[in-house]
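Spelled out, the chains give:
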Amino acid sequence: MKAGIFITGTDTEVGKTIVSAGLALCLRDRGIKVGIMKPIATGCYGQEDRLVSQDAAFLMEAAEGQFPPLHSPSRFRNPLSPNVAAMLEKKEINVDHILKSYRELGSHYDYMIVEGIGGLMVPIKKDYYVANLIRDMKLPLIVVSSAGLGAINHTLLTLDAATVRGLEIKGIIFNRVSVANYSLAELTNPKVVHDLSGVPILGSLPEIDDLQTESCKFGKLKEVFRERIQVDKILGEAFPRSLHKA
Ligand SMILES: Nc1ncnc2c1ncn2[C@@H]1O[C@H](COP(=O)(O)OP(=O)(O)OP(=O)(O)O)[C@@H](O)[C@H]1O
Ligand SMILES: [Mg+2]
């Protein structure tokens, strides 16, 4: 693996999977061998010994993933924070195993996209949060946020939590931003967040009408992502244009 990114968010359901998939589709288009990972997934379905993560399935489709067990090494049925789901389901979360899976999976790819669980301060086990996992994976991160009312507070809190823990922040992506009839908050919040934090805004994604997560249909996600998100800036110097095959 030459490089990678961790996609976190200000909240659950904010659009981490959609951003991860959009990036994977764009990188594949450039001829980059991209791997994906959802290191811990809760709210999984299916048989107990073969629990399926919808996020991992969607991302696998976007990245043409292989090596299935490594993509999602820690799965739980309950849609709860990992520590609580693990306790209820009487399972251990083995961080060493997750990190080993990450390294092994990464060895097959040029670039890894890792989707987080909820936000930075979601507990995985005692004294160990998603932020700790990002630090142990040694990855820079992108914060996915909404742009509407409340976004300034949520985004700044997340950036603060990352900075305090010494994490490298690549930038912010605002999701589900209206392209017509936008609110004043949506119009002004991205600039306010940038001015107050100094963190780069990598772009805004609008609502994509023909996107269907359950049936793994990407619709116009790739085209919209390419047009509106600064993919070159995400890849940065760790993965310059000269290394892209297309
Ligand atoms: N830009 C978008 N256009 C259309 N639908 C979207 C967009 N962004 C997110 N969604 C939809 O909103 C829902 C939540 O998005 P997503 O699954 O990416 O959030 P998440 O942050 O990954 O959530 P989780 O914390 O559960 O992993 C999904 O059903 C997804 O299809
Ligand atoms: Mg998700």
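Here the residue index of a chain counts from 1 through its sequence in written order. To label them, take the chains in the order written and letter them from A, then take the ligands in the order written and number them from 1. Where local features are concerned, this predicted model is filtered to residues with pLDDT of at least 70; where side-chain atom pairs are given and counted, the filter is 80 or more; whole-chain, interface and lining totals use all residues. Computation of side-chain values covers all heavy atoms of the structure but excludes hydrogens and water.

J.: Would you mind going over the pattern of salt bridges with me for this structure?
T.: A side chain with one charge can pair with a side chain of the opposite charge if their charged atoms come near. Salt bridges are defined by distance alone: a side-chain nitrogen of Lys or Arg within 4 Å of a carboxyl oxygen of Asp or Glu. For the structure shown, the criterion picks out 14 salt bridges. Linking E115 and K38 is a salt bridge whose minimum nitrogen-to-oxygen distance equals 3.0 Å. Note that E115 is positioned in strand 5 (residues 111–115) and K38 in the loop between strand 2 (34–37) and strand 3 (40–41), a separation of 77 residues in sequence. In this pair, the class of E115 matches that of K38, namely buried. Salt bridges linked by common partners bring E48, R77, E89 and K91 together as one network. In this text, helices come from DSSP runs of H or I with a minimum length of four residues, and strands from runs of E with a minimum of two, each type numbered from the N-terminal end. For the exposure calls, accessible area comes from a 1.4 Å probe over protein chains only, and a residue counts as buried if that area is under 20% of its type's maximum, exposed if over 50%, partly exposed in between.

J.: Looking at this structure, how should I read the packing of aromatic side chains?
T.: Working definition: an aromatic ring pair is given by the centre-to-centre distance plus the angle between the planes. Two aromatic rings from Phe, Tyr or Trp, using only the six-membered ring of Trp, form a pair when their centres are within 6.5 Å; if the ring planes differ by under 30 degrees the pair is stacked, by over 60 it is edge-to-face, and anything between is tilted. One pass over the full model with this rule turns up 2 aromatic pairs. Their ring planes at 55° and their centres at 4.9 Å tell us that F58 and F218 sit as a pair that is tilted. Here F58 is found in helix 2 (residues 54–63), whereas its partner F218 is found in the loop between strand 10 (201–204) and helix 9 (221–228), with 160 residues between them in sequence. Its relative accessible area of 15% is what places F218 among the buried residues.

J.: Sorry if this is basic, but what is going on with the packing of helix 7 (residues 151–164) against helix 8 (residues 184–197) here?
T.: The relative placement of two packed helices comes down to the angle between their axes together with the axis-to-axis distance. Across the interface, helix 7 lies against helix 8 with an axial gap of 10 Å and an inter-helix angle of 35°. The two elements helix 7 and helix 8 cross, and the hand of that crossing is right-handed. For the pair formed by helix 7 and helix 8, the contact residues are A151, I152, T155, L156 and L159 on the first element and N189, V192, V193, L196 and S197 on the second. When residue character is reported, Ala, Val, Leu, Ile, Met, Phe, Trp, Tyr, Cys and Pro are called nonpolar, Asp, Glu, Lys and Arg charged, and the others, Gly included, polar. Partitioned by chemical class, the residues of the contact of helix 7 with helix 8 number 7 nonpolar, 3 polar and no charged. Note on geometry: axes are C-alpha line fits, over the in-contact stretch for helices, and angles between N-to-C directions span 0 to 180 degrees. Handedness of a helix crossing follows the sense of rotation of the near helix relative to the far helix, less than a right angle counterclockwise being left-handed and clockwise being right-handed. It only takes one pair of heavy atoms within 4.5 Å for two residues to be counted as in contact.

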